[in-house]
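Notes for the structure review
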Amino acid sequence: MSVWIAIAVTAVGCYVVKLAGLLVPANALERPVVQRLAALLPVALLAALTAEQTFSTAGSLVIDARAAGVAAAAVALVLRAPFLVVVAAAVLVTAGVRAIGG
């Protein structure tokens, strides 16, 4: 039963957050600082999620093959490779390091 309570509380919370966003006055959203923050926030959240998933296992810091894959993707991005090449480089390097035994 507690799972259903958690689901209901989460649903109500999501609705309240969405409603709060709709109630913000338009002139507050037109400020340059707010627009810049709104543009950068998704990138920062995605970067944080990627870092947490790459370097964390069971709540502890882990440097393994995933880190090598992220490094390969970063190099491919610096070289301005297409997105699929970036993903392929990350996959191949991660698989290679794992195959070697890392």
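Above this text you will find the structure in question.
Read on for an overview of the structure.

What counts, and at which threshold
Residues numbered from 1 in each chain as written. Predicted model: local features only at pLDDT ≥ 70, side-chain atom pairs only at ≥ 80, totals over all residues. Heavy atoms only, no water. Helix = DSSP H or I, 4+ residues; strand = E, 2+ residues; numbered from the N terminus. Rg over C-alpha atoms; globule rule 2.2 N^0.38 Å. Contact = heavy atoms within 4.5 Å. Salt bridge = Lys/Arg side-chain N within 4 Å of Asp/Glu carboxyl O. Buried < 20%, exposed > 50% of the residue type's maximum accessible area, 1.4 Å probe, protein only. Expected span 1.5 Å × (residues − 1). Axes fitted to C-alpha atoms, helices over the stretch in contact; angles between N-to-C directions. Parallel < 35°, antiparallel > 145°, perpendicular 65-115°, else oblique. Left-handed = near helix turned anticlockwise from the far one by under 90°. Nonpolar A, V, L, I, M, F, W, Y, C, P; charged D, E, K, R; others polar.

**Some points on the overall build of the chain**
- Of regular secondary structure, the chain possesses 5 helices and 2 strands.
- Listed by position from the N terminus, the elements making up the chain come as α-α-α-β-β-α-α.
- The C-alpha radius of gyration computed for the chain amounts to 20 Å, which surpasses the reference 13 Å derived for 102 residues by more than 25%, pointing to a less compact arrangement than a globule.
- By its C-alpha atoms, the chain is 55 × 45 × 25 Å across when sized along the principal axes.
- Restricting to contacts in the chain with at least 6 residues of sequence separation, those with at least 24 account for 31%.

**Digging into the pattern of salt bridges**
- This model, assessed by the stated rule, comprises 1 salt bridge.
- Of the charged contacts in the structure, one is a salt bridge between Arg-66 and Asp-64, with a shortest N-O distance of 3.2 Å.
- Judged by its relative accessible area of 26%, Asp-64 falls in the partly exposed class.

**Observations regarding helix H1 (residues 2–22)**
- Across its 21 residues, H1 extends 30 Å between first and last C-alpha, which sits within 8% of the 30 Å expected from 1.5 Å per residue.
- Summarising burial for H1: 0 of the 21 residues are buried, a small minority.

**Things to note about the environment of Gln-35**
- With respect to the helices and strands, Gln-35 occurs in helix H3 (residues 32–55).
- Sequence-distant contacts of Gln-35, that is, excluding residues within four places in its chain, are made with Leu-29 and Glu-30.

**Notes on the packing of helix H4 (residues 65–78) against helix H5 (residues 83–100)**
- Where H4 meets H5, the closest approach of the two axes is 8 Å, and the angle between their N-to-C directions is 150 degrees. On the basis of their axis angle, the class for H4 and H5 is roughly antiparallel. Crossing of H4 against H5: the hand is right-handed. Facing H4, whose interface residues are Ala-65, Arg-66, Ala-68, Gly-69, Ala-72, Ala-73, Ala-76 and Leu-77, H5 presents Val-86, Ala-89, Ala-90, Val-93, Thr-94, Val-97 and Arg-98.
- For the contact of H4 with H5, the per-class residue count stands at 11 nonpolar, 2 polar and 2 charged.

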